[in-house]
Amino acid sequence: MRSLKEYRSIVGPAVLNQLEQLAGNLTGLKVVHVNSTRAGGGVAEILSWMIPFMQELGIEASWEIIGGNEAFFNVTKMFHNGLQGERVNLLKSHIEAYEETNRKNAERLCPILQDADIVFIHDPQPALLLHHCTNRKGKWIWRCHIDASRPYRAVWKYLRPHLEEYDASIFSMAQFSKALPHPQFLLAPSIDPLSDKNIDLPKNEIAGVMSKFKLDPDRPILTQVSRYDRFKDPLGVIEGYKLIRKFAPVQLVLAGGGADDDPEGAEVLREVQEAADGDDDIHVLLLPPDAHRTINALQRCSDVVVQKSTREGFGLTVTEGLWKGKPVIGGDVGGIRLQVINYHTGFLVNSPEGMAQRVRYMLNHRNMMEMMGVKGREFVRENFLLTRHLREYLTLMVGLRRGFANRLIAAA
Ligand code: UDP
């Protein structure tokens, strides 16, 4: 595992000193993060570096995963979709499956969680554990990674009383915060620049991946990396690609894998394959969960990174693209708006037509693309690297230990 010292050349010594100073207040603190998958999706991506770095800083951090059957993950996907505004048909049987799985997980996890000083519960899947851990001694925080700007009423109505029991909650941006009777923090996610997903790669490794997937180095490449999820709008990306093909010989890569807690992936993948309709220049890839270097190479060999989501909590794939010096075409929603600044780091779009128009503009303005790439990388260095994210978590934990005022704190 890497040491934080290795980030000195990227972020400078002052940033690391500040982390050590903050963590000095937290030595020996027992902190547990809980989510529902160890691989696939942004939450797992973040927790996989956050736990070891918290440990390096002297915090007793650990990571627990809740288990569940298909019925449970179908319901939690409904919650996810509902929080992102989709009308879902929430039945009594769904609620029962959700509550029963949380109760069962609580039997195993409460002894660990009740003993912790701080517990971070990520997203709705494990949100009911709090209700069962009646002898908790620490503070419990609900961390929402979802674009909850306009939740479907029935889902929010059910979840809200459970979330109200928390001591605080964290959202990725102000637009997602909710009327809850506790302090709310705004923390944007981040990437690890030295992970396999983001580290610089040798040219021959990138060329190897291009040749493996039969990508032509002489023609432009557009890439969207995402779970096969409707909110990522892969079908809209294909529509946009088809419009672009009328004026440029682009190739499209749609790269994704499943997440253990996402049961809709297979169905969406089928729809995407159907829409690709045997076009040799649409590369629909199903990658294993550890394909980090492959994804890294695909992003690096792209001319433009796409993330045409119709809802997005943050969009680490946007950050990953920007860090690699790529302009990003992103859906004009949620956390993508924090990262894609029109004419500076890429373009925000609202339709396949908008995507096609912006790609056309970029391909005709190569100098601008390069300038956007440079700005994008610096924008990520300033705002969306793990050291900033860690600093905000540490600050929050120091605040929790000392008690904080009941107000909204913007950490951005
Ligand atoms: N990812 C991956 N393999 C895939 C699809 C996505 O490793 O097949 C990664 C991607 O590189 C990014 C994260 O999963 O780091 C997705 O995070 P994001 O915030 O973009 O979306 P989420 O899946 O959390 O909605």
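Below you will find a few notes about this structure. In this text, all values refer to a predicted model and were calculated from it rather than measured experimentally.

### Details of the pairing of strand S9 (residues 282-286)
Here strand S8 (residues 251-256) pairs with S9 via five bridges, running parallel. If you follow Gly-256 over to S9, its bridge partner there is Leu-286. Assessed by its sense of winding, the connection that carries the chain from S8 through helix H10 (residues 265-276) to S9 is right-handed.

### Quick notes on the side chain of Ser-190
With respect to the helices and strands, Ser-190 occurs in the loop between strand S6 (184-186) and helix H8 (203-212). A polar side-chain atom of Ser-190 sits 2.7 Å from a polar atom in the side chain of His-389. Once residues within four sequence positions are removed from consideration, Ser-190 is found in contact with Ile-46, Trp-49, Leu-316, Phe-384, Leu-385, Leu-386, Arg-388 and His-389.

### Looking at the nonpolar core
Note that soluble globular proteins tend to have their nonpolar side chains buried in a common cluster. Among the nonpolar cores identified, the biggest contains 55 residues, and Ile-59, Phe-120, Leu-390, Leu-394 and Met-397 are the most heavily contacted of them. Among all residues touching Phe-120, those that are not within four sequence positions of it are Val-31, Val-32, His-33, Val-34, Ile-141, Ile-170, Tyr-393, Leu-396 and Met-397. Judged by nonpolar contacts, the second largest core, of 40 residues, contains Val-34, Ala-106, Cys-133 and Cys-144.

### Looking at the packing of aromatic side chains
In this description, an aromatic ring pair is defined by two values, namely the gap between the centres and the angle between the planes. Within the structure shown, the criterion is met by 15 aromatic pairs. Considering the side-chain rings of Phe-79 and Tyr-158, the 5.8 Å spacing of their centres and the 25° angle between planes classify their relative orientation as stacked. Here Tyr-158 lies in helix H7 (residues 153-164) and Phe-79 lies in helix H4 (residues 70-83), a separation of 79 residues in the sequence. For Phe-79, a relative accessible area of 0% puts it in the buried group. With 6.5 Å between their ring centres and 55° between their planes, Trp-140 and Tyr-166 make a pair best called tilted. Taken as a pair, Trp-140 in strand S4 (residues 139-143) and Tyr-166 in the loop between H7 and strand S5 (168-171) lie far apart in primary sequence, 26 residues in all. Like Trp-140, the residue Tyr-166 is buried in the burial classification. Ring-pair connections join several aromatic residues into one group, and the members of that group are Phe-72, Phe-73, Phe-79, Tyr-98 and Tyr-158. One Lys or Arg, Arg-360, reaches over the ring of Phe-247 and ends 4.4 Å from the middle of that ring. The lysine or arginine in question, Arg-377, covers the ring of Trp-323, its NZ or CZ lying 3.8 Å from the ring centre.

### A closer look at helix H16 (residues 386-402)
In a regular helix each residue adds 1.5 Å, so 17 residues correspond to 24 Å; H16 covers 24 Å between its end C-alpha atoms and thus fits that length. Within H16, twelve of the 17 residues are buried, which leaves it mostly tucked inside the rest of the structure. Within the span of H16, buried status applies to Leu-386, Thr-387, Arg-388, His-389, Leu-390, Glu-392, Tyr-393, Leu-394, Leu-396, Met-397, Val-398 and Leu-400. Taken from the residues just after H16, Gly-403 is the one with a positive phi, measuring 85°.

### A few points about the site of the ligand
Around the ligand, 16 residues are found, and the nearest of them are Gly-42, Arg-227, Lys-232, Gly-257 and Glu-320. Contact between the ligand and Thr-317: an oxygen atom at 3.2 Å from a main-chain N or O atom of the residue. Separating an oxygen atom of the ligand from a side-chain N or O atom of Glu-320 is a distance of 2.4 Å. In the complex, 90% of the free accessible area of the ligand, which totals 540 Å², lies under the protein chains.

### Concerning the environment of Gly-331
When you line up the elements, Gly-331 lands in strand S11 (residues 328-331). Between the C-alpha atoms of Gly-331 and His-131, which are 200 residues apart in sequence, the distance is 37 Å. Once residues lying within four places of it in the same chain are set aside, the contact partners of Gly-331 are Gln-307, Lys-308, Ser-309, Ile-336, Leu-348 and Val-349.

### What to know about helix H12 (residues 316-323)
H12 sits mainly inside the fold: eight of its eight residues count as buried. Every buried residue belonging to H12 is among Leu-316, Thr-317, Val-318, Thr-319, Glu-320, Gly-321, Leu-322 and Trp-323, and all of these are buried. Backbone geometry just after H12 places Gly-325 at a positive phi near 75°.

### Focus on the sheet that holds strand S10 (residues 304-307)
Ordered in space as S9-S8-S7-S10-S11-S12, the six strands form an open sheet in which the pairing is parallel. This sheet does not close on itself; its edge strands, each paired only once, are S9 and strand S12 (346-349). Direction aside, the axes of adjacent strands within the sheet are offset by 20° on average. Relative to S12, S11 is paired through four bridges, and the arrangement is parallel. Bridge pairing links Ile-329 to Phe-347 in S12. Of the strands in this sheet, strand S7 (221-225), S8, S9 and S10 touch helix H9 (residues 234-244), which is tilted by about 170° from S8.

Cut-offs used in this document
Each residue is numbered by its place in its chain's sequence as written, counting from 1. Totals for whole chains, interfaces and linings use all residues, but because this is a predicted model, local features are given only for residues with pLDDT of at least 70 and pairs of side-chain atoms are given and counted only at 80 or more. Each side-chain value is derived from all of the structure's non-hydrogen atoms; neither hydrogens nor water enter the calculation. The criterion for strand pairing is that DSSP finds at least two bridges linking the strands in question. What counts as a helix is a DSSP run of H or I of at least four residues, what counts as a strand is a run of E of at least two, and both are numbered from the N terminus. Note on handedness: a crossover is taken as right-handed if, strands pointing away from the viewer, the path from the first strand over the helix to the second is clockwise. In protein, a polar contact means a hydrogen-donor-capable atom and an acceptor-capable atom, both N or O and within 3.5 Å, with residues adjacent in sequence counting only if both atoms are side-chain atoms; elsewhere, any N or O pair within 3.5 Å suffices. When checking whether two residues touch, look at their non-hydrogen atoms; a contact exists if any pair is within 4.5 Å. Joining through side-chain atoms within 4.5 Å is the link that ties buried Ala, Val, Leu, Ile, Met, Phe, Trp, Tyr and Cys residues into a set, and such a set is a nonpolar core. Think of it in three bands: residues with accessible area under 20% of the maximum for their type are buried, residues over 50% are exposed, and the middle band is partly exposed, with areas taken using a 1.4 Å probe on protein chains only. Within 6.5 Å between ring centres, the rings of Phe, Tyr and Trp (the latter by its six-membered ring) count as paired, and their orientation is classed by plane angle as stacked under 30 degrees, edge-to-face over 60, tilted in between. Charge-over-ring contacts are defined here by two conditions on Lys NZ or Arg CZ: a distance within 6 Å of the ring centre and an angle within 35 degrees of the ring normal. Expected span, for any helix, means 1.5 Å times one less than how many residues it has. For this purpose, a residue is taken to be near a molecule or strand whenever a single non-hydrogen atom of the residue falls within 4 Å of it. The Shrake-Rupley method, run with a 1.4 Å probe sphere, supplies the accessible areas, and residue values consider only the shown protein chains as cover. Every angle, taken between N-to-C directions, lies between 0 and 180 degrees, and every axis is a line fitted to C-alpha atoms, over only the stretch in contact when it is a helix.

By themselves, these observations are geometric and do not establish any function.
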